[in-house]
Amino acid sequence: MTTVIEGCAVATVDASGTEYQSGHVVVSDGVITAVGPGPAPARTDAVHVDAAGCLATPGLVNTHHHLYQWATRAVSVDDGLFTWLKTLYPIWAGINEPIVGAAARAGLARLALTGCTTSTDHHYVFPREGGDVLGATISAAADVGLRFHPTRGSMDLSVKDGGLPPDSVVQPLDAVLAAVDEAVSRWHDPSPGAMVRIAAAPCSPFSVTRDLMRESASQARELGIRLHTHLAETHDEDEYCREKFGMTPVEYLSDVDWLGPDVWLAHGVHLSDADVVTLAGAGTGVAHCPSSNARLGSGIAPVAALLEAGGPLGLGVDGAASQENGGLSEELHQALFAARLRYGPSGLTARDALRIGTIGGARCLGRQDEIGSLEVGKRADIALWRVDGPFHSDIVDPIDALVYGSPPPLARLFVEGRAIVIEDELQTLDVEAAGADLRHAARQLARSS
Ligand code: ZN
């Protein structure tokens with residue numbers, strides 16, 4: 001099946017930043033077969049999408065999330081990370097498969113409706129009686145139709161051993177490694193165009209032992225999967241690492257053999273200039289989560305320095321308990337504003353923000369050859385933003401309209417060539433029903449804690 005999208009502005013986000021004021025994108029069997037200026041070559045066997053008034057960009061890539069947190073939004077609203085976590089851990093201990101499924105469907109629907117075509121999820125809470133919570137997120141992604149990079153996360157350092165989480169939410173090291181093996185054999189698809197790929201993701205320096213960090217790294221490299229964790233999010237974490245390990249978070253990462261091109265890190269707020277160079281030199285990626293960092297008052301990541309250093313840099317919404325909005329298009333805007341608060345008006349451009357949100361995220365997930373730009377041979381993950389409406393059409397540059405303006409309506413969202421959003425309507429599941437399920441799940445969880 002072939003789809004011809006034409007009459008729209010096109011931002012390819014290829015290596016030279018090619019853009020067309022009016023152009024076309026042709027898609028066959030889930031793959032982009034033509035991109036260029038003007039109308040597409042005439043053909044009669046295709047579905048035509050008249051995209052006049054739209055901007056075509058690569059689908060956005062979300063590089064950090066905790067979908068289950070949709071069931072615990074707006075809790076501990078005035079606290080920083082450590083107090084917020086200590087308040088929420090006991091509540092999260094009550095999650096189970098249906099609650100996580102409802103949270104994930106709502107969270108992924110929100111992502112799709114804000115232009116996201118690929119999302120990761122960092123799931124690290126596995127209550128003993130919780131059922132198949134990781135499977136619930138994977139089913140939800142299939143229901144919504146997003147490309148999905150779930151991580152099998154873990155925590156094995158509880159309060160009694162000097163960590164932050166309570167005993168009820170940690171697992172022994174051997175159980176974690178066995179679960180990662182199982183997740184990879186059940187779901188990981190290394191083939192081109194894969195809709196599901198698994199990564200391993202011990203949670204953070206203050207909830208995971210040094211042994212689990214090391215063992216996870218060697219296991220992931222044996223299995224050929226990527227590694228993800230939280231790092232350098234807050235001053236508290238920096239102090240914890242200096243006190244507990246006698247080193248900074250990035251030095252600790254190096255010590256446990258986590259510096260490499262197969263690793264991406266959430267946050268990277270408190271990085272020194274030397275840290276930035278170290279991460280980029282290793283090819284280690286950073287998932288920048290500006291709204292979450294603002295909500296928790298964690299700080300502003302050194303985005304301009306990270307971009308200049310050239311390592312992979314993507315955007316993340318982070319879990320909805322620390323970023324209740326949960327939309328990804330908003331993060332383009334937030335990234336631009338956060339960078340300018342730190343660096344002044346030259347901190348980031350609208351095109352930089354779009355690059356981070358697309359090909360930058362693809363690099364974090366090791367998929368830059370398949371997604372993240374509109375180029376012939378890449379998977380057809382495409383967002384069509386309507387920029388001819390009352391709140392955008394006065395802005396001459398459509399990328400400025402997307403990033404500086406409010407998130408524009410989404411005329412189409414294609415994942416692997418399939419239109420899962422049409423004119424702001426999700427085609428794959430009933431959003432009202434998903435919202436009702438989420439409300440029920442959130443109340444049930446609140447009652448059980
Ligand atoms: Zn997080």
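Residues numbered from 1 in each chain as written. Predicted model: local features only at pLDDT ≥ 70, side-chain atom pairs only at ≥ 80, totals over all residues. Heavy atoms only, no water.

### Some thoughts on unusual backbone geometry
Across the chain, the bulk of peptide bonds are trans and the bulk of non-glycine residues have phi less than zero.
Then comes step 1: In this structure, D318 is a non-glycine residue whose phi angle is positive, near 65°.
Then comes step 2: Note that D318 resides in the loop between β13 (313-315) and α11 (329-343).
Then comes step 3: According to the relative accessible area criterion, D318 is buried, its value standing at 3%.
Then comes step 4: Although it is not a glycine, E416 sits at a positive phi angle of roughly 55°.
Then comes step 5: Tracing the backbone shows E416 in the loop between β15 (410-415) and β16 (418-422). (Helix = DSSP H or I, 4+ residues; strand = E, 2+ residues; numbered from the N terminus. Buried < 20%, exposed > 50% of the residue type's maximum accessible area, 1.4 Å probe, protein only.)

### Description of the packing of aromatic side chains
Then comes step 1: In the structure shown here, the tally under the stated rule is 9 aromatic pairs.
Then comes step 2: With a centroid separation of 5.2 Å and an interplanar angle of 85°, the aromatic rings of Y68 and W92 are classed as edge-to-face. With Y68 in the loop between β6 (60-62) and α1 (81-92) and W92 in helix α1, the pair connects residues that are 24 residues apart, well separated along the chain. Taken individually, Y68 and W92 each receive the classification buried, so the pair is uniform in this respect.
Then comes step 3: Taking 5.9 Å as the distance between ring centres and 85° as the angle between the ring planes, the aromatic pair formed by Y89 and W92 counts as edge-to-face. Highlighted residues: Y89 and W92, both in helix α1, separated by 3 residues, approximately one helical turn.
Then comes step 4: A network of ring pairs unites the aromatic residues Y68, W84, Y89, W92 and Y124 as a single cluster.
Then comes step 5: Here R152 stacks its cationic end above the ring of F126, 3.5 Å away from the centre of that ring. (Phe/Tyr/Trp six-rings, centres within 6.5 Å; stacked < 30°, edge-to-face > 60°. Lys NZ or Arg CZ within 6 Å of the ring centre and 35° of its normal.)

### Some thoughts on the pairing of strand β14 (residues 382-386)
Then comes step 1: Of all 5 residues making up β14, 4 are buried, and the element is well covered by its neighbours.
Then comes step 2: As defined by bridge partners, strand β5 (residues 54-58) adjoins β14 across 5 bridges and the pair is classed as antiparallel. When the sheet's bridge partners are listed, A56 is paired in β14 with L384. (Pairing = 2+ DSSP bridges.)

### Description of the domain arrangement of the chain
Then comes step 1: Here the chain is partitioned into domain 1 (2-58 + 374-426) and domain 2 (60-364).
Then comes step 2: A C-alpha centroid distance of 29 Å is found between domain 1 and domain 2.
Then comes step 3: Each partner contributes to the roughly 2,300 Å² buried at the junction of domain 1 and domain 2, and carbon and sulfur atoms together form 63% of this total.
Then comes step 4: Linking domain 1 with domain 2 are 4 salt bridges.
Then comes step 5: Put simply, domain 1 and domain 2 have 8 residue pairs in polar contact (both at pLDDT 80 or more) between them.
Then comes step 6: Put simply, the parts of the chain that give the side of domain 1 that touches domain 2 at least two residues each are β5, β14, α13 (398-404), β15, β16 and β17 (425-426).
Then comes step 7: Considering every element that reaches the side of domain 1 that touches domain 2, the biggest residue donor is α13, with 5 residues.
Then comes step 8: Looking at the side of domain 1 that touches domain 2 residue by residue, the classes come out as 19 nonpolar, 3 polar and 11 charged. (Domains from an automatic or database assignment. Buried area = accessible area lost by both parts, 1.4 Å probe. Salt bridge = Lys/Arg side-chain N within 4 Å of Asp/Glu carboxyl O. Polar contact = N/O pair within 3.5 Å; in protein donor to acceptor, adjacent residues only side chain to side chain. Nonpolar A, V, L, I, M, F, W, Y, C, P; charged D, E, K, R; others polar.)

### Thoughts on the pairing of strand β2 (residues 19-28)
Then comes step 1: Looking at chain direction, strand β1 (residues 2-11) and β2 are connected through 8 bridges and run antiparallel. Across the sheet, I5 pairs through a bridge with V25, a residue of β2.
Then comes step 2: Where β2 meets strand β3 (residues 31-37), 6 bridges bridge the pair, whose relative direction is antiparallel. Its bridge partner being in β3, S28 is matched across the sheet by V31.
Then comes step 3: Here β2 folds back onto β3, and the loop between the two strands holds 2 residues, one of which, D29, carries a positive phi near 50°.

### Some thoughts on the nonpolar core
Then comes step 1: Within the largest apolar cluster, 128 residues are counted, with the highest numbers of intra-cluster contacts made by W92, L108 and L146.
Then comes step 2: Among the elements that take part in this core, helix α2 (residues 97-112) stands out by supplying 10 residues, more than any other.
Then comes step 3: No fewer than three residues from each of domain 1 (2-58 + 374-426) and domain 2 (60-364) sit in this core.
Then comes step 4: If we ignore the near neighbours within four places in the chain, the residues touching L108 are L67, S119, T137, A140, A141, V144, L146 and F148.
Then comes step 5: Among the nonpolar cores identified, the runner-up in size contains 16 residues, and V49, A51, A56 and F414 belong to it. (Core = buried A, V, L, I, M, F, W, Y, C linked by side-chain atoms within 4.5 Å. Contact = heavy atoms within 4.5 Å.)

### Notes on the environment of G131
Then comes step 1: For G131, the position within the fold is in the loop between β7 (116-123) and α3 (133-144).
Then comes step 2: Spatially, the C-alpha atoms of G131 and R379 are 34 Å apart, while their sequence positions differ by 248 residues.

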